[in-house]
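# Summary of structural features
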Amino acid sequence: MGNYDMTGWPQVAYTYDGTFDGFLTCVYESYVHRERAAAFSAPGQAQISLYPGRPVETHPEHARRVRQSLPRRLSPRGARLVTYGFLTALPDREQSLYDFLALGFRRGPSVLHDLTDQRVFVLDRAVKHLTGEAHLLKGFIRFSDQSGVLVAEIEPKNRVLPLLRTHFCARYPSEAFVIYDRTHREALFYRPGEWAIVPLENFRAAGPDKSERDWRALWRRFYHTVSIEGRYNPRCRMTHMPKRYWGCMTEFQTEDTERPALPQRPE
């Protein structure tokens, strides 16, 4: 990628497939065609734009060239900021990333220290929220045993599965497990030596059988037993364990909220 001075470039609205490679292809097209991205639209993100639209087909080679330029032009930390930035719940995420890249390609790695610039500050804050949420979920995820497969569901604001993958694959190297992201409708599948993160529109875990219900009851009893009644502080608990995570945590569920296991078909 050469000089990224966009003075005088015409503005266009890009339509792409919603993938990171697709976004990087848009960045490449912007430079090659000397046009400035004024808006981005992905599937499920229909937008009305006053700028001329142009669909961009994902090109892996073009995306690779942009990806390889990031550590050179922005430093490895800058490349990580862009990669993680695409996983955030930042409004107008693509436009924020594009504006940051245009600035970074002009100014180089020093741009990362300029938090007075909104283009840097907003992205840096969003990535910190992403990594903070992934860190919390490493402790908040609750697995259930479903016929020998560990299954968990989460409702994060950000797309945290790529960040959780390394942790849980290393923690359970000999297990098979699934972590389903209800918010973004995708799942991390793992079995020894293999993993994949795939879109999954509909996912419904089977209800717990008697053994699983017993383990859940035991965990809830332990959770309540170790609590100290005289130091009960709900505000402090919500500070360390935000309430929005409770819906997927065993200790905050009751037997009434658990779906029973489906009856087995007679032989």
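Everything below is about the structure shown above.
Residues numbered from 1 in each chain as written. Predicted model: local features only at pLDDT ≥ 70, side-chain atom pairs only at ≥ 80, totals over all residues. Heavy atoms only, no water.

## Concerning the packing of helix α2 (residues 60–74) against helix α3 (residues 76–85)
- Where α2 contacts α3, the axes come no closer than 6 Å and their chain directions differ by 135°. Considered as vectors, α2 and α3 are oriented oblique to each other. Taking contact as the criterion, the partners of L70, P71 and L74 in α2 are, on α3, P76, G78, A79 and V82.
- Residues that form the contact of α2 with α3 fall into these classes: 6 nonpolar, 1 polar and no charged. (Axes fitted to C-alpha atoms, helices over the stretch in contact; angles between N-to-C directions. Helix = DSSP H or I, 4+ residues; strand = E, 2+ residues; numbered from the N terminus. Parallel < 35°, antiparallel > 145°, perpendicular 65-115°, else oblique. Contact = heavy atoms within 4.5 Å. Nonpolar A, V, L, I, M, F, W, Y, C, P; charged D, E, K, R; others polar.)

## A look at empty space enclosed by the protein
- As enumerated under the stated definition, the model contains 1 cavity of 30 Å³ or more in all.
- In this model, the largest cavity occupies a volume close to 70 Å³.
- Together, L137, F140, I141, R142, E153, I154, E155, R244, Y245, C248 and M249 line the largest cavity.
- Within the residue set of the lining of the largest cavity, elements represented by two or more residues are α5 (118–140) and β5 (149–154).
- Class assignment for the residues of the lining of the largest cavity results in 7 nonpolar, no polar and 4 charged. (1 Å grid on protein atoms, 1.4 Å probe; cavity = no way out; pocket = protein on both sides within 12 Å on 5 of 7 lines; lining within 4 Å. Points joined across faces, edges and corners; volume = space filled by probe spheres on them.)

## Overview of the sheet that holds strand β8 (residues 194–199)
- In space, the 5 strands of this open sheet follow the order β4-β5-β6-β7-β8, with mixed pairing throughout. What marks the edges here is a single partner per strand, and that holds for β4 (144–146) and β8. Along the sheet, successive strands turn relative to each other by an average axial angle of 20°, direction set aside.
- As paired elements, β4 and β5 share 3 bridges and run antiparallel to each other. Counted as the bridge partner of Q146 is V149 from β5. (Pairing = 2+ DSSP bridges.)

## Observations concerning the packing of aromatic side chains
- This model, assessed by the stated rule, comprises 13 aromatic pairs.
- Relative to Y172, the ring of F168 lies with its centre 6.3 Å away and its plane at 15°, an arrangement referred to as stacked.
- The exposure class assigned to F168 is buried, which follows from its relative accessible area of 1%.
- Grouped by ring-pair contacts, the aromatic residues Y14, Y16, F20, F23, F40, F86 and Y98 constitute a single cluster. (Phe/Tyr/Trp six-rings, centres within 6.5 Å; stacked < 30°, edge-to-face > 60°. Buried < 20%, exposed > 50% of the residue type's maximum accessible area, 1.4 Å probe, protein only.)

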